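# Coordinate inspection notes
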Amino acid sequence: MPITVDIDVMLARRKMSVGELADRVGITPANLAVLKNGRAKAVRFTTLAALCEVLDCQPGDLLRWRPEEAVSE
């Protein structure tokens, strides 16, 4: 997927655990792990806003677009 999720980076900068973030945002650690590991197919704006509020960051600090690798034939 061309969207990379950088929640780990922000967690490290804030010295916060996944469990603490999940608790403060109000989602389960399992759902946070799905998002954090890039396996989520969607994210609610309310969840993204809560993540940004708790981590004191912008959406662009958490989500990054990168072009997909060109497929050679």
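In the block above lies the structure referred to throughout.
Residues numbered from 1 in each chain as written. Predicted model: local features only at pLDDT ≥ 70, side-chain atom pairs only at ≥ 80, totals over all residues. Heavy atoms only, no water.

## Digging into the nonpolar core
Cut-off, in case you're wondering: Nonpolar core, defined: a set of buried Ala, Val, Leu, Ile, Met, Phe, Trp, Tyr and Cys residues in which side-chain atoms within 4.5 Å join the residues together. Throughout, exposure labels follow a simple rule: accessible area from a 1.4 Å probe, protein chains only, divided by the maximum for the residue type, with under 20% read as buried, over 50% as exposed, and the rest as partly exposed. Counting from the N terminus, the helices are DSSP H or I runs at least four residues long and the strands are E runs at least two residues long. Contacts were defined at the residue level, with two residues in contact if any of their heavy atoms lie within 4.5 Å.
Ranked by size, the top nonpolar core spans 19 residues in total, and within it Ile-7, Leu-21, Leu-51, Leu-55 and Leu-62 carry the most contacts. Of all the elements in the fold, those that place two or more residues in this core are α1 (7–14), α2 (18–25), α3 (29–36) and α4 (45–55). Examining the composition of this core, we find that six residues originate from one element, α4, more than from any other. Each residue touching Leu-55, except ones within four places of it in the same chain, is listed here: Met-10, Leu-11, Arg-14, Met-16, Leu-21 and Leu-62.

## So, the environment of Arg-66
We apply this condition: Any N or O atom pair separated by 3.5 Å or less is treated as a polar contact, with the protein-specific requirement of one donor-capable and one acceptor-capable atom, and with residues adjacent in sequence counted only for side-chain atom pairs.
Along the chain, Arg-66 falls in the segment after β2 (63–65). Expressed as a C-alpha distance, the spacing of Arg-66 and Gly-38, which sit 28 residues apart in the sequence, is 13 Å. Among the polar contacts made by the side chain of Arg-66, one reaches the side chain of Thr-4 at a distance of 3.0 Å.

## Some words on the packing of α1 against α3
As a reminder, the rule being used: All axes here are fitted lines through C-alpha atoms, helices being fitted over the stretch that makes contact, and every angle between N-to-C directions spans 0 to 180 degrees. Residues were grouped as follows: Ala, Val, Leu, Ile, Met, Phe, Trp, Tyr, Cys and Pro as nonpolar; Asp, Glu, Lys and Arg as charged; and all remaining residues, including Gly, as polar.
Interhelical geometry of α1 versus α3 gives an angle of 115 degrees and a closest axis separation of 9 Å. Every residue of α3 that contacts α1 at Ile-7, Asp-8 and Leu-11 is listed here: Leu-32, Leu-35 and Lys-36. By residue class, the composition of the contact of α1 with α3 is four nonpolar, no polar and two charged.

## A short note on the side chain of Thr-4
Considering the arrangement of structural elements, one finds Thr-4 in strand β1 (residues 3–5). Discounting chain neighbours no more than four positions away, the residues touching Thr-4 are Leu-62, Leu-63, Arg-64 and Arg-66.

Honestly, it's all geometry; don't read function into it.
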